[in-house]
Amino acid sequence: MTAPSSSPARRAADLRARIVDANRRYYEDDNPDLSDAEYDALYRELEALEKAHPELVTPDSPTQRVGGGRTQGFAPVTHRVPMLSIQTATDTTAAAALEFDARIRRDLELGPDAPPVAYCAELKFDGLAMSLRYEHGVLTIAATRGDGETGEDVTANVRRIPGIPARLRGNAPPVLEVRGEIYMTRADFAALNERQAAAGGRLFVNPRNTAAGAVRQLDASDAVERPLHFFAYALGETDGYALPATQGDLLRALARFGLPVNEDWRVVQGGEGLAAFYASVEARRHALPFEIDGVVYKVDSLARQRQLGFRTREPRWAVAHKFPPQEMPTTLVAIDVQVGRTGAVTPVARVEPVFVGGTTVTNVTLHNEDEIRRRDLRVGDTVIVRRAGDVIPQIVRSLPERRPRGTEPWEMPTQCPECGSAIVRLPDEVIARCEGGLVCPAQRKQALLHFASRRALDIEGLGDKLVDALVDGGFVHSAADIYALDVPTLAALPRMAEKSAANVRAAIDASRTTTLARFIYGLGIRHVGEASARDLAAHFGALDALMAASVDALLEVRDVGPVLAESVERFFAEPHNRAVITALRKAGVHWPEGPPQRAAAEGPLAGRTLVLTGTLPHLTRDEAKAMIEAAGGKVAGSVSKKTDYVVAGEEAGSKLAKAEELGVAVLDEAGLRALLG
Ligand code: IVH
């Protein structure tokens with residue numbers, strides 16, 4: 001925000017320009033650049049300034065008229081009864097409710113002994129104000145607020161909103177203008193954005209702007225793509241309609257006309273009643289299916305409303321009491337990267353601490369590089385941070401008009417901040433990854449658990465808890481360090497005793513003697529599962545041969561495709577990974593090596609690929625797999641055109657369906673046995 005300039009006149013002019021601009025962005029472009037809180041602060045400042053210096057008030061000052069305006073393309077509609085906005089209380093404590101009540105009592109000249117004033121307390125829907133004109137019960141015009149006096153005719157679009165009746169129920173008067181809010185549910189908004197993301201489109205900022213944009217789409221057929229709803233809460237012009245006595249009665253009457261009225265309203269007594277309503281709504285605000293930005297208090301009696309009347313811009317009998325904001329601007333100080341347990345590298349925004357959605361936010365995940373580019377986020381930018389309920393904070397957008405000079409587009413670092421290994425992003429992937437699988441501290445626990453797992457080096461007892469303790473205690477940095485652990489060290493760890501320590505130590509020793517296939521699998525190379533590890537071991541026969549293999553050489557291995565081949569090559573190209581392998585060998589990890597076995601496997605299933613699915617009557621998965629492999633066959637995890645047979649047991653699911661779809665032969669256990677001879 002700009003610093004107050006020297007003279008009040010200049011400051012007032014600044015503020016006016018800023019507010020007019022903000023109004024245009026909000027009402028006409030559906031692309032606000034200020035948070036509500038910021039806008040309110042500017043508005044209040046201008047109001048205060050004009051109050052202190054009445055000579056500064058200009059007729060076109062935004063304080064003298066309702067914000068907003070019209071865009072080209074829609075026919076103007078004059079509101080016979082202007083569409084006003086309400087005074088906003090930004091103080092988010094109970095005090096604002098008590099103050100409003102005190103002010104009303106003063107204005108109504110009620111003495112201290114007069115009974116509490118009855119108020120109708122409602123939700124403040126965060127949508128787009130709408131006026132629906134019904135003549136003899138038939139919807140004739142739907143208009144936006146515009147500048148309050150003149151709005152836009154959006155009837156064609158609004159007619160497509162299913163919840164808005166084309167005809168009122170019951171005995172409708174000659175003229176009934178109904179005012180309310182058009183909104184979009186959170187669920188519809190999320191689904192819409194998912195579709196946008198899948199289609200690679202621009203993401204919508206929030207439900208309010210999305211709803212507003214949809215209503216003001218010039219092409220009515222676009223509007224239906226965004227599901228909209230409506231809540232009625234007030235009247236405009238009426239003719240031949242006997243007004244009810246209270247706002248509560250009015251809401252009931254609107255509902256009887258078949259209009260959607262939100263049921264979450266209450267008539268409460270006095271300031272305390274308002275404060276209690278505020279607190280109860282705030283507590284469950286995020287559980288509501290749509291967004292609200294506060295509550296609205298209205299003097300319940302319509303006679304009293306008439307008595308209180310209006311100020312220039314606002315009724316004196318109502319106030320909007322806002323909740324703490326969910327979107328706030330702040331400065332993007334840095335973009336760092338975080339490395340996850342699987343090596344995924346995620347950019348994280350460090351922002352100037354900002355209080356939003358009830359907490360102070362300093363870090364915001366940015367998901368991936370493309371997202372940063374799409375939103376053109378740069379260090380130094382002013383960004384809007386949003387935190388709605390328990391949803392993790394997000395950066396909605398940056399404000400390029402507030403961008404300082406000399407900023408640069410962000411680039412993904414080329415080296416992992418945790419271990420210095422290369423960060424690689426494959427052409428078809430969204431996620432970048434650290435290649436230092438064996439050495440990266442961020443990936444260490446995951447890598448160690450995988451290395452020790454039953455199908456890899458099979459170190460019994462080296463589970464989650466122990467790995468946590470070993471890594472957190474600084475005893476183990478890479479897999480090679482496991483072999484240096486002694487019983488006293490292990491026994492001193494939490495939940496360990498002499499006996500269990502000795503057992504783990506024995507399991508570690510036993511794991512030194514392994515097979516090449518298990519060792520390769522244990523390295524945790526991306527895309528290398530057990531079957532590929534076995535194929536690689538058989539094909540190369542020796543680890544050094546595998547480590548030296550080019551992508552082309554790797555592609556010669558049975559069932560190895562380019563993704564796997566490149567992954568293997570990258571893994572062994574990483575010096576850190578090679579160092580750990582050397583250390584493991586030094587620690588005594590060994591396996592029999594032999595000549596490469598490149599001849600086709602023998603047996604009745606040589607060269608055949610099978611997929612297992614469901615539960616077989618007499619064989620476990622592992623038993624069936626072992627039998628197939630002994631017969632020279634291969635077991636794959638998913639069904640493709642290359643699959644020769646699918647062996648299906650009970651409760652077979654999608655794999656069976658896939659087999660049928662692709663015309664792959666399906667066998668039961670008996671069929672498999674027959675095949676094996
Ligand atoms: S009553 C004369 N009731 O908030 C008073 N307004 O800045 C007419 N709003 O323009 C408004 N929920 O767009 C009223 N339950 C509610 C509301 C509500 C949302 C909007 C409306 C209004 C703005 C106030």
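First, a word on scope: everything that follows refers to the structure included in this document. Once a new chain begins, its residue numbering starts again from 1 and follows that chain's sequence as written. The model is predicted, so local features are restricted to residues of pLDDT at least 70 and side-chain atom pairs to those at 80 or more, both for listing and for counting; the totals for chains, interfaces and linings are taken over all residues. Each side-chain value is derived from all of the structure's non-hydrogen atoms; neither hydrogens nor water enter the calculation.

**Details of the nonpolar core**
- Within this scheme, the nonpolar core is defined by two criteria: the residues are buried Ala, Val, Leu, Ile, Met, Phe, Trp, Tyr or Cys, and they are joined through side-chain atoms within 4.5 Å. The buried label applies to any residue whose accessible area, calculated with a 1.4 Å probe on protein chains only, is under 20% of its type's maximum; exposed applies above 50%, and partly exposed to all values in between. Within the largest apolar cluster, 70 residues are counted, with the highest numbers of intra-cluster contacts made by Met 130, Leu 132, Val 158, Ile 164, Val 178, Ile 182 and Tyr 297.
- Throughout, a contact is declared for two residues whenever any of their heavy atoms are within 4.5 Å. Excluding its chain neighbours within four sequence positions, the residues that come into contact with Val 178 are Met 130, Ser 131, Leu 132, Tyr 134, Phe 230, Ala 232, Ala 234, Leu 254 and Leu 259.
- Listed in part, the 59 residues of the second largest apolar core include Val 439, Ile 459, Ala 480 and Ile 508.

**Observations regarding the site of the ligand**
- Lining the immediate environment of the ligand, one finds 14 residues, of which Glu 122, Leu 123, Arg 145, Glu 181 and Lys 298 sit closest.
- The side chain of Glu 122 places a nitrogen or oxygen atom 2.9 Å from a nitrogen atom of the ligand.
- Side-chain polar atom of Tyr 233 to an oxygen atom of the ligand: 3.3 Å apart, as the coordinates give it.
- Listed by contribution, the elements that provide at least two residues to the shell around the ligand are strand 3 (118-125) and strand 10 (292-299).
- The secondary structure listing takes helices from DSSP runs of H or I that are at least 4 residues long and strands from runs of E that are at least 2 residues long, numbered from the N terminus. A per-element tally of the shell around the ligand places strand 3 first, with four residues.
- Each residue is assigned to one of three groups, with Ala, Val, Leu, Ile, Met, Phe, Trp, Tyr, Cys and Pro labelled nonpolar, Asp, Glu, Lys and Arg labelled charged, and all others, Gly among them, labelled polar. Considering only residue class, the shell around the ligand consists of eight nonpolar, one polar and five charged. Note on terminology: near, applied to a residue and a molecule or strand, indicates that one of the residue's heavy atoms is within 4 Å of it. Polar contact criterion, stated in full: a pair of N or O atoms within 3.5 Å, where within protein one must be able to donate a hydrogen and the other to accept it, and residues adjacent in sequence count only if both atoms are side-chain atoms.

**Examining helix 13 (residues 464-472)**
- Listed as buried for helix 13 are Leu 466, Val 467, Ala 469, Leu 470 and Val 471.
- Residues of helix 13 that are buried sit in contact with helix 12 (441-452), helix 14 (487-491) and helix 15 (498-511).
- Just downstream of helix 13, Gly 474 is the residue with a positive phi angle, here 75°.

**Notes on the environment of Leu 228**
- With respect to the helices, strands and loops of the structure, Leu 228 is situated in the loop between helix 7 (220-223) and strand 8 (229-239).
- Each C-alpha atom of the pair Leu 228 and Asp 21 lies 27 Å from the other, and the pair is 207 residues apart in sequence.
- The contact partners of Leu 228, leaving out residues within four places of it in the chain, are Ile 161, Pro 162, Ile 182, Tyr 183, Met 184, Ala 211, Ala 214 and Val 215.

**Considerations on the side chain of His 321**
- Mapped onto the fold, His 321 is located in strand 11 (residues 318-322).
- Of note is the side chain of His 321, whose polar atom sits 2.8 Å from the backbone oxygen of Asp 91.
- For His 321, the side chain forms a polar contact with the main-chain oxygen of Thr 93, separated by 3.3 Å.
- Setting aside residues up to four positions removed in sequence, His 321 forms contacts with Ala 89, Asp 91, Thr 92, Thr 93, Ala 96, Ala 97, Tyr 278, Gly 294, Val 295 and Tyr 297.

**Some words on the sheet that holds strand 11**
- Taking strand neighbours across the sheet as the criterion, the five strands line up as 2-11-10-3-9 in an open arrangement whose pairing is mixed. Among the strands making up the open sheet, the edge pair consists of strand 2 (87-89) and strand 9 (266-269). With strand direction ignored, the average angle separating the axes of adjacent strands in the sheet is 35°.
- Note: two strands are recorded as paired if DSSP finds a minimum of 2 bridges between them. The sheet contact formed by strand 3 and strand 10 spans seven bridges and is antiparallel. Following the sheet pairing, Leu 123 is matched in strand 10 by Val 295.
- Orientation is described by lines fitted to C-alpha atoms, with helices fitted over the stretch in contact, and by angles between N-to-C directions that extend from 0 to 180 degrees. Helix 3 (residues 95-107) rests against strand 2, strand 3, strand 10 and strand 11 of the sheet, and its axis sits at about 170° to strand 11.

**Let's talk about the pairing of strand 13 (residues 344-356)**
- As judged from the seven bridges shared by strand 12 (residues 327-339) and strand 13, these two strands associate in the antiparallel manner. Paired with Val 339 across the strands is Val 345, a residue of strand 13.
- Taking the residues that link successive antiparallel strands as the turn, the strand 12-strand 13 hairpin has four residues, and the phi of Gly 343 there is positive, at about 90°.
- Here two bridges tie strand 13 to strand 18 (residues 432-434), and the two strands are oriented antiparallel to one another. Looking across to strand 18, one finds that Ala 344 is bridged to Arg 433.
- For strand 13 and strand 14 (residues 359-365), the ladder comprises six bridges, and the chain directions are antiparallel. Following the sheet pairing, Ala 349 is matched in strand 14 by Val 364.
- Between strand 13 and strand 14, which pair antiparallel and follow one another directly, the connecting turn spans two residues, one of which, Gly 357, has a positive phi of 60°.

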